[in-house]
Amino acid sequence: MRARFVFVAAVAALLVVPGAAGAQGRAVPTPASVIGFEPGTDRKLPEWRQVVSYFQALDAASPRIELHTLGKTTLGRPFIAAFIGDPATLANLGKVRDAARRLADPRLTTDAERAALERDSKVVVLVTSSIHSTEVGGILTPLNLAYRLVAGEDEEARSIRRNTLTILVPSLNPDGVDIVGDWYRSSLGTAWEGSAPPTLYHYYTGHDNNRDWYAFTQAETRMVVDSLYAPYHPQIVNDIHQQGSNGSRIFIPPYMDPVEPNIDPILMAGVAQMGKSMTWRMTAQGLTGIANNTSYDAWTPARAYQHYHGAIRILTETASAQLASPIRVSYDSLRPGYNVDPKVTGVDFLTKWNGGPWGIGDIVRYQTAASWALLAQAADDRALWLSSYSQVQRNAVAGRRAPGRSDWPTSIVIPAQPARDTAVNAALRILQRGQVEVRQATSAFTANGRAFPAGSYVIHTAQPYGSFAKALLEPQHYPNLHEYPGGPPKRPYDVTAHTLPLLYGFDVAMIPDSATVATTALAPVPATRWVASGLSDARARRIAIFKNAAASMDEGWTRWVFDQYRIPFTLVTARDLRAGNLASRFDAIIIPDQNARLIARGPAGTLPDSLKGGLGDAGAAALGAFVDAGGTVLAFNDASDYAIEALQLPVTNVLAGVRPTEFYAPGSLISVQFDRASPLAAGLTSPSSVVWFEDSPTFDVTDPTRATVVARYPASGDPLASGWLLGAQRLAGKAALVDVKRGNGHVILFGFRPQYRAQSMATFPIIWNALKISRPAM
């Protein structure tokens, strides 16, 4: 207890600012004076209203901070951002925005004007935190940073205010602050203290809320992009996260390979420079266990919107405790990651941490030190960061004339295709929200030997954010990386494909050379209303979605898709399904993607009795009776393994037990062949038949009199459409979608995620068709 007290006191000491007062002499409140405890105190977490109150108190006390409410979260909480800088800077935010806009688009300035902007402008630094709400240091560290930035009178604090505009978002997920905090406070003193809550900490997406930075499906993502990225064009972004407990104490970039090829190399050099500068400073301060070049890559725009918009993204990942409860980590329990072993020093891991107690105070101390090091470096090298940003944007508007881009297409065309209007509309809205300039052809034209109708959409790659468009509209070719020669594949941090035409289902053409085409700028595109015929705004079908006490992100995404299509549904728990009599209540039951063991047994670990248990034998029997009575079960991705075993279906998963060295597809788009005679394949309009394959099952049918293959992988050739696939031969001729008849009902086995992160719109119709299977007359 004494060590813990001393440590919290050390955190508090970082915040001591003698005589701290606003520029007008009013005392600046400390975090503890508003939330009731020092940030970093064991077993203490604030409520979101307390966080908001603290920033409101700072705003009231000092002209060095201006608090903005960007809107409401998914569950209706205020979403805030604090603008911090010199009073003169905050009084002239319009000037800051104009300078940032002109730096972002070199077509708007002369060389002399651009040089003046680089010399005189503020560096805009965006600090975001607490998107993943179980990473609870992220809601405390911003309180420390804000206080020191506003109240600090040392030269470094003054330099940061003088040279930067810091935009601090204390939480990218305010709803989750209370979801996790309420659960944690209720668990104190119990056997499950420090466990994750038994529900998603973002209402729809859970952890996947940080995978939404190109699809922009969630309200919180859209607010940040529309209100912060678009008008202020930050040059530096610090994204505060936490990682597991048994590795390094903190990760700071540079990132490990691979780097997505559309990212300007200047940005990756800037990431490396900033990350090593932070590492240097923190090491000099005596902080140990700092890792670079491990675990986290720079592949997908789903996590790194910044890298396609001129900014460096500095992700920090600090070791976790059990939420705000302390733990002890023995040295022997430390485990290696890619390139870094926490027991071995090297160029990417300079000093070892020898194990011992670890708690929320340690987390806050490391996070605060890292973010402050970033801010100080941004201020010290303000002009260099601005000139670097300016050069990235000059390269962007140069298109193929920029270094390394000679093989880029000059234009990308999305042909007018009325049958796919909803998919094209969704893609256009993504591109426009990402600040991509889209033009529309006023007459028919020919390019690269292909004719395009009037109304087609033209995107020139020589524009400020052409790399964002190119990254999203072309197939991905993920490199074939292994942990060592002949060893297992080197697992990517996330998925490997993000090709909008394949996900949403529309045609696109890359035009290598200039083409003559008359166009006009496309005005902002209004959203097309999403409609599932016979299901939207109708209650003809009684649909249930299974919600496990072991929270599933796929369940959340399923709810989001259904809500956007306005399809009524009922959430059912394991207890509901075990109770039986399902046919009297439902026509169809969806089991979202989840490990079969979790579905059968429920969450592991110590939990309240009310949360224990999965479907078990009673749930399996109830589902079987439901299908026999004419009901339909839809099993998504890994849930198919559960359905096969629990419902005794004549199907096997041919990939069960196959090692990654023999087959690997960690989030890719794979070509399939649909049986167009099947009613499940009705309404598929995509020009390419692909499915989202993410560590998915693949099927053989053992009794074709009871099971029909609706989609199978090609019998020969490489089925990879985008991403990464090892061992393609194991898919050859195998089934991806199977309709199994049992009793009077059906079980539809999806060997893929048909509603992957709400993006795989091309395969949504299969879900709608499965839900509309009619019960036979009894």
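Overview of the structure. (Residues numbered from 1 in each chain as written. Predicted model: local features only at pLDDT ≥ 70, side-chain atom pairs only at ≥ 80, totals over all residues. Heavy atoms only, no water.)

## Notes on the overall build of the chain
Our working rule: Strands are runs of DSSP state E lasting at least two residues, helices are runs of H or I lasting at least four, and both sets are numbered from the N terminus onward. For the radius of gyration, the atom set is restricted to C-alpha positions; the globular benchmark scales as 2.2 Å times the number of residues to the power 0.38. Type-normalised accessible area, obtained with a 1.4 Å probe on protein chains alone, sets the label of each residue: buried when under 20%, exposed when over 50%, and partly exposed for intermediate values. Contact definition: two residues touch when any of their heavy atoms are within 4.5 Å. Under the convention used here, a 1.4 Å probe and the Shrake-Rupley method define accessible areas, while residue burial counts only the protein chains that appear.
Within the chain, the regular secondary structure consists of 22 helices and 32 strands. A compact globule built from 778 residues would reach a C-alpha radius of gyration of about 28 Å, and the chain, at 27 Å, matches this within 12%. Counting only C-alpha atoms, the chain reaches 80 × 70 × 55 Å along its principal axes. Looking at the 778 residues of the chain, the share that counts as buried comes to 60%. By sequence separation, contacts in the chain at least 24 residues apart represent 80% of the contacts at least 6 residues apart. Split by element, the accessible area of the chain, about 27600 Å² in all, is 52% carbon and sulfur.

## Focus on the nonpolar core
Cut-off, in case you're wondering: What makes a nonpolar core is a set of buried Ala, Val, Leu, Ile, Met, Phe, Trp, Tyr and Cys residues whose side-chain atoms join them at distances within 4.5 Å.
Ranked by internal contacts, the top residues of the largest apolar core, which has 194 residues, are Phe55, Tyr504, Trp768 and Leu771. The element that contributes the greatest number of residues to this core is helix H12 (residues 360-380), accounting for 12 residues. If we ignore the near neighbours within four places in the chain, the residues touching leucine 771 are Leu535, Arg541, Ile543, Phe562, Ala588, Ile590 and Leu634. Core analysis: the next-biggest nonpolar cluster, separate from the first, contains 33 residues, Tyr642, Phe699, Ala735 and Val747 among them.

## Examining the pairing of strand S3 (residues 123-129)
This is how it is decided: By definition, two strands form a pair when at least two bridges between them are found by DSSP.
In terms of burial, S3 is largely enclosed, as 7 of its 7 residues are buried. The alternating pattern of S3 places Val123, Val125, Val127 and Ser129 on one face and Val124, Leu126 and Thr128 on the opposite face, and all of these are buried. In terms of strand pairing, S3 meets strand S4 (residues 164-169) through 6 bridges, oriented parallel. Paired with valine 123 across the two strands is threonine 164, which belongs to S4. Here 5 bridges tie S3 to strand S5 (residues 236-243), and the two strands are oriented parallel to one another. Looking at S5, one finds that serine 129 is bridged to isoleucine 240.

## A few points about the sheet that holds strand S27 (residues 690-694)
We apply this condition: Axis angles are defined between N-to-C directions and span 0 to 180 degrees, where every axis is a line fitted to C-alpha atoms and, for a helix, only to the segment in contact.
Sheet architecture is open: 3 strands sit in the order S27-S25-S30, paired in antiparallel fashion. Each having just a single partner strand, S27 and strand S30 (720-722) make up the two edges of the open sheet. Across this sheet, the average inter-strand angle for adjacent strands is 45°, counted without regard to direction. By the bridge criterion, 5 bridges tie strand S25 (residues 666-671) to S27 in an arrangement that is antiparallel. Along S27, the bridge assignment pairs proline 666 with glutamate 694.

## Digging into the layout of surface pockets
What counts, and what does not: Definitions used for this entry: grid spacing 1 Å over protein atoms alone; cavity, a set of points where a 1.4 Å probe fits but cannot get out; pocket, an open set with protein on both sides within 12 Å along at least 5 of 7 lines; lining residue, one with an atom within 4 Å of a point. Grid points are joined across faces, edges and corners, and a volume is the space filled by probe spheres set on the points. Residues were grouped as follows: Ala, Val, Leu, Ile, Met, Phe, Trp, Tyr, Cys and Pro as nonpolar; Asp, Glu, Lys and Arg as charged; and all remaining residues, including Gly, as polar.
Taken as a whole, the largest pocket spans an internal volume of roughly 860 Å³. Leu200, His207, Ala551, Ser552 and Met553 are, among the 40 residues lining the largest pocket, the residues nearest its centre. Residues of the lining of the largest pocket, tallied by class, amount to 18 nonpolar, 11 polar and 11 charged.

## Considering the packing of helix H7 (residues 137-151) against H12
Going by this rule: Roughly parallel here means an angle under 35 degrees, roughly antiparallel means over 145, roughly perpendicular means 65 to 115, and every remaining angle is called oblique. The hand of a helix crossing depends on one turn: near helix anticlockwise from the far one by less than a right angle means left-handed, and clockwise means right-handed.
Closest axis-to-axis distance for the H7/H12 pair is 9 Å, and the angle between their directions is 50°. Between H7 and H12, the angle is such that the two are oblique. Crossing of H7 against H12: the hand is right-handed. Along its contact with H7, which presents Gly137, Gly138, Leu140, Thr141, Asn144, Leu145, Arg148 and Leu149, the element H12 presents Ile360, Ile363, Val364, Gln367, Thr368, Ser371, Trp372 and Leu375. Residues belonging to the contact of H7 with H12 are distributed by class as follows: 8 nonpolar, 7 polar and 1 charged.

## Digging into the side chain of glutamate 694
The cut-off we apply is this: Counting of polar contacts relies on pairs of N or O atoms within 3.5 Å, with two restrictions inside protein: one atom must be capable of donating a hydrogen and the other of accepting it, and residues adjacent in sequence are counted only when both atoms are side-chain atoms.
Along the polypeptide, glutamate 694 turns up in strand S27. The class of glutamate 694 is buried, set by a relative accessible area of 18%. Side-chain polar atoms of glutamate 694 contact the side chain of tryptophan 692, separated by 2.9 Å. Side chain to side chain, glutamate 694 and arginine 753 meet in a polar contact 3.0 Å long. The residues touching glutamate 694, leaving out its near neighbours within four places in the chain, are Val495, Asn637, Ala665, Pro666, Gly667, Arg753 and Tyr756.

## Considerations on the side chain of serine 371
In this fold, serine 371 is placed in helix H12. Classification of serine 371 by relative accessible area gives buried; the value is 1%.

## Let's talk about the packing of aromatic side chains
Our working rule: Side-chain rings of Phe, Tyr and Trp, where Trp is taken by its six-membered ring, are said to pair if the distance between their centres is within 6.5 Å; with planes under 30 degrees apart they count as stacked, over 60 as edge-to-face, and otherwise as tilted.
Scanning all chains against the criterion turns up 30 aromatic pairs. Between phenylalanine 251 and tyrosine 296, the ring centres sit 4.7 Å apart and the planes meet at 45°, which makes this aromatic pair tilted. Residue phenylalanine 251 is located in strand S6 (residues 250-251), and its partner tyrosine 296 is located in the loop between strand S8 (290-291) and strand S9 (297-298); the two are separated by 45 residues in the primary sequence. Taking the centre distance of 5.7 Å and the plane angle of 65° together, the rings of phenylalanine 663 and phenylalanine 693 count as edge-to-face. Taken together, the positions of phenylalanine 663 in the loop between strand S24 (651-653) and S25 and phenylalanine 693 in strand S27 put the pair 30 residues apart, joining distant regions of the chain.

## What to know about empty space enclosed by the protein
Counted according to the given criterion, the structure contains 9 cavities of 30 Å³ or more. As for the largest cavity, its lining consists of 14 residues, and the residues nearest its centre are Asp264, Val392, Ala396, Arg405 and Ser467. If you tally residues by element for the lining of the largest cavity, the top one is helix H13 (residues 382-398), at 3 residues. In terms of residue class, the lining of the largest cavity is built from 6 nonpolar, 6 polar and 2 charged.

## Some thoughts on the environment of alanine 646
The topology assignment puts alanine 646 in helix H21 (residues 639-646). Since its relative accessible area comes to 23%, alanine 646 is described here as partly exposed. Here the alpha-carbon distance between alanine 646 and arginine 439, two residues 207 residues apart in the chain, equals 53 Å.

## Notes on the sheet that holds strand S17 (residues 457-460)
With antiparallel pairing, 5 strands are arranged side by side in an open sheet as S18-S13-S17-S14-S19. Among the strands making up the open sheet, the edge pair consists of strand S18 (509-511) and strand S19 (519-521). Neighbour-to-neighbour, the strand axes of the sheet open up by a mean angle of 30°, direction not taken into account. One ladder, built from 4 bridges, connects strand S13 (residues 411-414) with S17; its direction is antiparallel. Within S17, the position partnered with isoleucine 414 by the bridge is tyrosine 457. In this fold helix H15 (residues 466-473) packs onto S13, S17 and S18, with an angle of close to 55° to the strand it touches most, S13.

## Section: unusual backbone geometry
The omega angle of the peptide bond from proline 253 to proline 254 is 25°, so this bond is cis rather than trans. The topology assignment puts proline 254 in the loop between S6 and strand S7 (256-259). For the bond from aspartate 257 to proline 258, the omega torsion is 5°, close enough to zero to count as cis. Tracing the sequence through the fold places proline 258 in strand S7.

## Let's talk about helix H17 (residues 553-565)
Because the α-helix completes a turn every 3.6 residues, residues three or four places apart line up on one side. Rules: Expected span, for any helix, means 1.5 Å times one less than how many residues it has.
Helix length check: H17 (13 residues) gives 19 Å between terminal C-alpha atoms against 18 Å at 1.5 Å per residue, within 8%. Of all 13 residues in H17, 10 are buried, a share of seventy percent or more. For H17, every residue scored as buried is listed here: Asp554, Glu555, Gly556, Trp557, Thr558, Arg559, Trp560, Val561, Phe562 and Tyr565. Its side-chain oxygen at 3.2 Å from the backbone nitrogen of aspartate 554, serine 552 defines the N-terminal cap of H17.

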